[in-house]
Protein chains: 2
Amino acid sequence: MDPRVREHAETLVDWSARIEAGDNVVVSVAEGAHELGVATAAVLGERGANIVTTYGSTEMDRTYLTAHDGDFDTDPEHQLALYENADSVLRLGGGRNTAEDADVAADKRAARRQATQGVREARLDTDWVSTVHPTRSLAQQAGMSYADYRDFVYDAVLRDWESLADEMDRLKRLLDDGETVRIVNEGTDLRLRIDGRTAVNSCASVAYDSHNLPSGEVFTAPYATEGYVTFDVPMTVRGEPIRNARLEFEDGEVTDVTAAQGEGVVREIVETDDGSRRLGELGVGMNRGIDRVTDNILFDEKMGGTVHLALGRAYDANLPDGESGNGSAVHVDLITDMGGDSRLEIDGEIVQEDGAFRWE
Amino acid sequence: MDPRVREHAETLVDWSARIEAGDNVVVSVAEGAHELGVATAAVLGERGANIVTTYGSTEMDRTYLTAHDGDFDTDPEHQLALYENADSVLRLGGGRNTAEDADVAADKRAARRQATQGVREARLDTDWVSTVHPTRSLAQQAGMSYADYRDFVYDAVLRDWESLADEMDRLKRLLDDGETVRIVNEGTDLRLRIDGRTAVNSCASVAYDSHNLPSGEVFTAPYATEGYVTFDVPMTVRGEPIRNARLEFEDGEVTDVTAAQGEGVVREIVETDDGSRRLGELGVGMNRGIDRVTDNILFDEKMGGTVHLALGRAYDANLPDGESGNGSAVHVDLITDMGGDSRLEIDGEIVQEDGAFRWE
């Protein structure tokens, strides 16, 4: 076994999920994540945690949903009880075909999602962490060889997280103290307010309220957005490629949408509801282990030297206690690459120039 | 997909587990049983059942146990809650290596078993069914090609179970009404008492208190065994091959043990405790779809024309309500093939001669 699989499992269990003896852990293993599952089971055994292993099979989920009439029971007791009694849920992603559920009716998926809201809340109420094992299917989606893709994933996952957390804390403090952000880039001049909002130092650990491995971003919830922004990082959203989407904002709301490709999907997202016309997140990617786009949002949005903005729902963690931010049924991230002639300013001071932070 | 995989799933869900809309089902999928998992998920979706899928990975279990210090928590809450809230548990066996856990210390396995007794009881308290998907690993254990082994498994599983249940009911009634059984075969002349015991018609359905698919045996709990018996069906027990084990009984207890191979293991089993010197089960194989030995007890003991006897623990289902039969930490089946010049008698009347039932 590639020794990095074991290091990945240790990072997941110790740094990310902070699992200790006696913890009740659910490990979800995707069809292609067996090897990481085996390594994770060993680390959990060493720590003295208790393990229930679920099988995250997209093929089984697809045939189940396809065959079901769509009238789903509310929060099945056995599923609810499993998560209500779990301390941690480790989701080991990595399937065999990223398009496997392409033919599942969206309304059936939505109906199930609706019926099992309690199960989802119970799961999100644990110290959950999502990661992925590098599979051939994900390598294909990234347009990379399997060997190269494995290197890519482990470069992203096996960071010196403590030192990255320290670096990200600098940006967090600047954002917490700041009132306005300005992003200037080719095709972009955007001003956002962040006054009163709290940034999250998302360094891949539940101890920092961060639930993805890899992570490596600092994000907050902006408002009162003005100006225009061009998202030059190519993405696939709802199965459609998006290229150079450009949004214009006035008084915090989108007033114009264009795109070289996928304009229809971006419009559809913007027009979902009231909240989807506003931004719910401003995120700054700081993981320098991620040095290329792989069409996988788990990685792309954390790429060092990028900034992403999400249309729709804001995270409560960015708001003062008890307050809710922008509400929406959607949360769709779009990314801009901060290359030459770019600036990220907080209260008029340059924090990042031409893609490099001022402390780099 | 081989259409027999779908038929297997339908037999499992409908005939064996009797699953209905709204049932909470746990499906455990072994490493090699993915295809049967996909088919089972489709049938469960059609029936409107609720599904939680666990991953029955021997490799994960091995690394977990190997790494653990052996001081296991008692009945972890999340695992216990999962089974306590389940109506059915479908175990889809079929791994990639039947020897995968060969290097796990027996005492560690025993310690875990001890600590999780409540979990096991909760699982056995559901309408559970165990079956296997034909894998290359099981074909290898059987000494068969993969194609031949698939045919073998589906011949065993895809029976006309209703008609077999009717035939087995004949033998059940004879055993229920009978007081003594005599088995005569080459190297065998054994007399057992069955008076007051109830036979189980094990026809692969929870509706008949039968939890294996395939099944196809009628079994009861004998006592006061006298005589000698030779087990000529080759088996692997505790990793050791057993050939022509011969036991002598007096007053219900083993008085002599010999074997052409594996005598040490048989002695070890007999000497486990008081109950392991007595028989806990007399079973008659009636599944004519199983026409050869494959070194897998799930199949071998149901082979039409065989009789098996288990040293150790008896099943409560064979005893009058509230009574317990022979108790022991072990239950080890050994099999004799009722070929030419063999007789199975109940109260002196021949029920089976030369391997054929009198109604065949």
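Predicted model only: the values in this text are computed from it and were never measured. All residue numbers refer to positions counted from 1 along the written sequence of the respective chain. Chains and ligands are labelled by the order in which they are written, letters from A for the one and numbers from 1 for the other. Where totals are concerned, whole chains, interfaces and linings use all residues; where local detail is concerned, this predicted model gives features only for residues with pLDDT of at least 70, and gives and counts side-chain atom pairs only at 80 or more. Side-chain figures throughout are based on the complete set of non-hydrogen atoms in the structure, without hydrogens or water.

Draft legend 1. Layout of the overall build of chain A. Each helix is a run of DSSP H or I of at least 4 residues and each strand a run of E of at least 2, with the numbering of both proceeding from the N terminus. Summing up its helical and strand segments, chain A has 11 helices and 20 strands in all. Atoms counted for the radius of gyration: C-alpha only. Globule rule: 2.2 Å times residue count to the power 0.38. Compactness check: chain A gives a C-alpha radius of gyration of 20 Å against a globular reference of 21 Å for 360 residues, within 12% of the reference. Dimensions of chain A, computed from C-alpha atoms along their principal axes, come out at roughly 50 × 45 × 45 Å. Classification of the 360 residues of chain A by burial places 55% in the buried group. Each residue's exposure class comes from its accessible area (1.4 Å probe, protein chains only) as a fraction of the maximum for that residue type: buried when under 20%, exposed when over 50%, partly exposed otherwise.

Draft legend 2. Region of the structure containing the environment of Gly187 of chain A. Residues and elements named next belong to chain A. With respect to the helices, strands and loops of the structure, Gly187 is situated in the loop between β5 (180-185) and β6 (188-193). Residue class for Gly187 comes out partly exposed when judged on its relative accessible area of 33%. Each C-alpha atom of the pair Gly187 and Asp209 lies 33 Å from the other, and the pair is 22 residues apart in sequence. Beyond its immediate sequence surroundings of up to four residues, Gly187 is in contact with Tyr228, Val229, Thr230 and Arg246. Any two residues whose heavy atoms approach within 4.5 Å at even a single point are treated as in contact.

Draft legend 3. Spatial organisation of the packing of helix α2 (residues 34-47) of chain A against helix α3 (residues 58-67) of chain B. Lines fitted to the C-alpha atoms define the axes, with helices restricted to the stretch that makes contact. Angles between their N-to-C directions range from 0 to 180 degrees. Where α2 of chain A contacts α3 of chain B, the two axes come as close as 7 Å, and the packing angle between them is 25°. Put simply, α2 of chain A runs roughly parallel to α3 of chain B. The two elements α2 of chain A and α3 of chain B meet at a crossing, and its hand is right-handed. The segment α2 of chain A lies against α3 of chain B, with His34, Gly37, Val38, Ala41, Ala42, Leu44, Gly45 and Glu46 of chain A engaging Glu59, Met60, Thr63, Tyr64 and Ala67 of chain B. Classes in brief: Ala, Val, Leu, Ile, Met, Phe, Trp, Tyr, Cys and Pro nonpolar; Asp, Glu, Lys and Arg charged; the others, Gly included, polar. Along the lines of polarity and charge, the residues of the contact of α2 of chain A with α3 of chain B split into seven nonpolar, four polar and two charged. Should an angle lie under 35 degrees it is considered roughly parallel, over 145 roughly antiparallel, and from 65 to 115 roughly perpendicular; all remaining angles are considered oblique. With the far helix as reference, a near helix turned anticlockwise by less than a right angle produces a left-handed crossing, and one turned clockwise produces a right-handed crossing.

Draft legend 4. View of helix α4 (residues 77-84) of chain A. By the criterion of burial, α4 of chain A is predominantly enclosed, with six of the eight residues buried. Along α4 of chain A, the positions that sit buried rather than exposed are His78, Gln79, Leu80, Ala81, Leu82 and Tyr83 of chain A.

Draft legend 5. Layout of the nonpolar core. The nonpolar core is taken to be a set of buried Ala, Val, Leu, Ile, Met, Phe, Trp, Tyr and Cys residues, with the residues joined through side-chain atoms within 4.5 Å. Of all hydrophobic cores here, the largest spans 188 residues; its most connected members are Leu44, Leu90 and Leu247 of chain A together with Leu44, Leu90 and Leu247 of chain B. Once residues within four sequence positions are removed from consideration, Leu44 of chain B is found in contact with Tyr64 of chain A together with Val13, Ile19, Val25, Val27, Ala49, Ile51 and Leu90 of chain B. Core analysis: the second largest hydrophobic core is formed by 18 residues, Val52, Ala86 and Ala122 of chain A together with Val89 of chain B among them.

Draft legend 6. Here's a closer look at the confidence of the model for chain A. Looking at chain A as a whole, its pLDDT mean stands at 96, while 100% of the residues score no less than 70. Predicted as a complex, the structure gets a pTM of 0.93 and an ipTM equal to 0.91. pLDDT is a residue-level measure of predictor confidence that goes from 0 to 100.

Draft legend 7. Here's a closer look at the packing of aromatic side chains. Pairing of aromatic rings covers Phe, Tyr and Trp, the last through its six-membered ring, and needs centres within 6.5 Å; plane angles under 30 degrees mean stacked, over 60 mean edge-to-face, and all others mean tilted. In this structure the tally under the stated criterion is 11 aromatic pairs over all chains. Considering the side-chain rings of Tyr55 of chain A and Tyr55 of chain B, the 5.0 Å spacing of their centres and the 10° angle between planes classify their relative orientation as stacked. Of this pair, Tyr55 of chain A sits in strand β2 (residues 50-56) while Tyr55 of chain B sits in strand β2 (residues 50-56), which puts the two residues in different chains. Judged by relative accessible area, which is 10%, Tyr55 of chain A ranks as buried. Grouping aromatic residues by their ring pairs yields a cluster made of Tyr149, Phe152 and Phe299 of chain A. Positioned above the aromatic ring of Tyr146 of chain B is the side chain of Arg150 of chain B, whose terminal nitrogen or guanidinium carbon lies 4.6 Å from the ring centre. Only when the NZ of Lys or the CZ of Arg is both within 6 Å of the ring centre and within 35 degrees of the ring normal is a charge said to sit over the ring.

Draft legend 8. Broad picture of empty space enclosed by the protein. Residue and element names in this part refer to chain B. Here the term cavity refers to a set of points on a 1 Å grid, laid over the protein atoms alone, in which a 1.4 Å probe fits but cannot get out; the term pocket refers to an open set having protein on both sides within 12 Å along at least five of seven lines, with lining residues being those that place an atom within 4 Å of a point. Grid points are joined across faces, edges and corners, and a volume is the space filled by probe spheres set on the points. Across all of its chains, the model carries one cavity of 30 Å³ or more by this definition. If you add up the space inside the largest cavity, you get close to 30 Å³. Lining the largest cavity, in full, are Val237, Ile242, Val266, Ile269, Leu311, Val332 and Leu334. Counting residues per element, the ones that place at least two in the lining of the largest cavity are α10 (263-270) and β17 (331-337). Among the residues making up the lining of the largest cavity, the classes are represented as seven nonpolar, no polar and no charged.

Draft legend 9. Geometry of a negative patch on the surface. What makes a patch is a set of residues exposed beyond 30% relative accessible area and free of salt bridges, joined within 9 Å when like-charged and within 5 Å when nonpolar (Val, Leu, Ile, Met, Phe, Trp, Tyr). To measure how exposed things are, a 1.4 Å probe is used in the Shrake-Rupley method; for residues, cover is taken only from the protein chains shown. Salt bridges are defined as contacts in which a side-chain nitrogen from Lys or Arg sits within 4 Å of a carboxyl oxygen from Asp or Glu. By the counting scheme adopted, Arg and Lys are positive, Glu and Asp are negative, and His together with the chain ends is not counted. In this description, the location of a charge corresponds to atom NZ of lysine, CZ of arginine, CG of aspartate or CD of glutamate. Together, Asp69, Asp71, Asp73 and Glu77 of chain A together with Asp87 and Asp127 of chain B line one region of the surface with negative charge. What makes Asp71 of chain A exposed here is its relative accessible area of 63%.

Draft legend 10. Inspection of unusual backbone geometry at higher detail. For the bond running from Leu213 of chain A to Pro214 of chain A, omega is 5°, close enough to zero to count as cis. Of note, Asp341 of chain A is a non-glycine position whose phi angle comes to about 60°, a positive value. At Asp354 of chain B, a residue that is not glycine, the phi angle is positive and equals roughly 50°. Structurally, the position occupied by Asp354 of chain B is in the loop between β19 (349-353) and β20 (356-357). The exposure class assigned to Asp354 of chain B is partly exposed, which follows from its relative accessible area of 44%.

Draft legend 11. Representation of the sheet that holds strand β5 (residues 180-185) of chain B within the structure. All names here are of chain B. The pairing criterion for strands is at least two bridges between them, as found by DSSP. The antiparallel open sheet is built from eight strands, whose spatial order is β14-β13-β10-β6-β5-β18-β19-β20. For this open sheet the edge positions go to β14 (253-258) and β20, each flanked by a neighbour on one side alone. Direction of pairing for β5 relative to strand β6 (residues 188-193): antiparallel, over a ladder of six bridges. The residue of β6 that forms the bridge with Arg182 is Arg191. Set on the sheet, helix α9 (residues 161-177) makes contact with β5, β18 (343-346), β19 and β20; between it and β18 the angle comes to about 55°. Sheet contacts for α10: β13 (245-250) and β14; angle to β14, the most-contacted strand, approximately 165°.

Draft legend 12. Quick look at the interface of chain B and chain A. Listed as interface residues are 40 residues of chain B and, on the opposing side, 40 residues of chain A. With both sides pooled, the region where chain B packs onto chain A buries about 3400 Å², and carbon together with sulfur makes up 65% of that total. Taken together, the links from chain B to chain A amount to zero salt bridges. For the purposes of these results, a polar contact is taken to be a pair of N or O atoms within 3.5 Å, where, inside protein, one atom must be able to donate a hydrogen and its partner to accept one; residues adjacent in sequence count only when each atom of the pair is a side-chain atom. Scanning the region where chain B abuts chain A turns up 16 residue pairs in polar contact (both at pLDDT 80 or more). The set of elements that each furnish at least two residues to the side of chain B that touches chain A consists of β1 (24-30), α2 (34-47), β2, α3 and α4 (77-84) of chain B. Buried surface area refers to the total accessible area, computed with a probe of radius 1.4 Å, that the two partners give up upon joining, counted for both partners together.

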